[in-house]
Amino acid sequence: MKSVLSCVAAPFLAAAAAITGNQLSPRNSPSWAGSNLYFLIGLSDSQQTAWVNNIASDGAKVVRLWVNAQSAGSCQKGSTVATTIPELESTIGSYNDVVLDAIDSVLVKLAAKKIKAIISPHDAANQFVSGSSDPYWNAYGSGYFYEQQAAFDAYDARISHVLNYKGKSSGQVWKNWSAAIMAFDLQNEPMSTKVSECTSGAGANWVCGRAQHMRSVLGATNPIKVSSGGLGGDISHGCNFMDAAVNCGQLDMIAVHRYAGTEASNPNEWSGAASGYVSSAKGKLVYVEEWGVGQYQGEANAAVEYPAQANDMNKVGLPWLYWQIVPAMTCSYDPKNDQGDSFSIFQGSSVDVASAMKAASQTTGLQDWTGILY
């Protein structure tokens, strides 16, 4: 005869098993999406507000910003820059905080929309090139910068200055402002202009050394993360997952930079690669920090390709930032004629930016972003 006690106990045992199962296999947070915009800080106050409002309506959770100079009157991807902003350093160790003030003002706008920022404190891809006036380039070039202790010390001082900056608009010390700042990159695309620094291992000590310094300034328990910033530039260069990064305890996030072909020519190009990214990262968080639809001379149709690639990432919960969703055009520019950077998508264009961006945060993430973004 069946025991009455077992009948009564069975539902409770089943519930306990379900709870235990949930504890052993917790549901990840949602994924997320957003955009880069390297010249946002140079736009007028009204242009910034309009762009932030629109990208928030599109469903963005993260926006990536740069500590970089801007020149008033220049046309950047169809937007007329309104404000001249000098570089943080024209001489190593001498800081002009006008650029940090400009970023801080944008952070206030983003935070009001519950959008967090990733900040790149220096731009190797555009500063470590022939003819640059960058003081690190002029002092060390794109090799010794990643090899010599004097360069490490000088750049660590810059990192400390940026993280300890107190906002002119926000009144917040950035290293303490986790409500607005999700992560700091080590640099934008470290070693991308001299890839041998990462492929040969010559720059290996730079990677973890800068991550260790950044974490020491932030503090061990600070929820603001340290991100790689796209080591070596595009993933095809073989450096995004370099050993020095994935084996560094103080580096929290691996940023993938990948400009892939069309989804039609390579179905599942993102979803098929995602599990390999996570495996290669050795437990670190992975996200696509840069990707874009090449439109040069009709290479691809962004109205078709943007949702196709974005939704391919979404279906496995791989977070992403597009390069770039730009404001509605105010000066003459067509990405189809821009051989070097033909990826821009205008706000208000025929491309449905919002559907895929909103879908990202409605999808369970490939990894858990609880306490970082959610």
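Scroll up for the structure.
The structure presented is a predicted model; accordingly, all values stated were derived computationally and were not measured.

Chemist: Please provide a residue-by-residue account of the packing of aromatic side chains, values included.
Modeler: Counted according to the given criterion, the structure contains 26 aromatic pairs. Ring centres 6.0 Å apart and planes at 85 degrees place the aromatic pair Y306 and W320 in the edge-to-face group. One end of the pair, Y306, is in helix α11 (residues 302-314); the other, W320, is in strand β12 (residues 320-322), and 14 residues separate them in sequence. Classification of W320 as buried rests on a relative accessible area of 0%.

Chemist: So what about the state of the cysteines? Which residues, and what values?
Modeler: What the rule picks out here adds up to three disulfides. With its sulfur 1.9 Å from that of its partner, C198 forms a disulfide with C239. Here the S-S torsion is close to 65 degrees, and the disulfide linking C198 with C239 is therefore right-handed. Of this pair, C198 sits in helix α7 (residues 196-199) while C239 sits in the loop between β9 (225-227) and α9 (243-246), placing them 41 residues apart in sequence. Relative accessible area serves as the criterion here: at 8%, C198 is assigned to the buried category. Covalently, C208 is tied to C248 through a disulfide, its sulfur atoms 2.1 Å apart. Disulfide C208 to C248: torsion about the S-S bond roughly 75 degrees, handedness right-handed. Residue C208 is located in helix α8 (residues 204-218), and its partner C248 is located in the loop between α9 and β10 (253-257); the two are separated by 40 residues in the primary sequence. Accessibility classification places C208 together with C248 in one group, the buried group. For the chain, numbering the cysteines in disulfides from first to last along the sequence yields the connectivity 1-6, 2-4, 3-5.

Chemist: Requested: an account of the nonpolar core, with residues and values cited.
Modeler: Grouped together as the largest cluster of nonpolar side chains are 99 residues, with contacts concentrated most on I103, W174, F184, W291, Y306 and W320. Non-local contacts of W320, meaning those with residues more than four positions away in its chain, are made with W32, A33, G34, V288, W291, Y306, A310, M313, N314, A356, M357 and A360. In terms of nonpolar packing, the next biggest core, distinct from the first, is built from 13 residues, V62, I118, L321 and L373 among them.

Cut-offs and rules
Residues numbered from 1 in each chain as written. Predicted model: local features only at pLDDT ≥ 70, side-chain atom pairs only at ≥ 80, totals over all residues. Heavy atoms only, no water. Phe/Tyr/Trp six-rings, centres within 6.5 Å; stacked < 30°, edge-to-face > 60°. Helix = DSSP H or I, 4+ residues; strand = E, 2+ residues; numbered from the N terminus. Buried < 20%, exposed > 50% of the residue type's maximum accessible area, 1.4 Å probe, protein only. Disulfide = S-S within 2.5 Å. Core = buried A, V, L, I, M, F, W, Y, C linked by side-chain atoms within 4.5 Å. Contact = heavy atoms within 4.5 Å.

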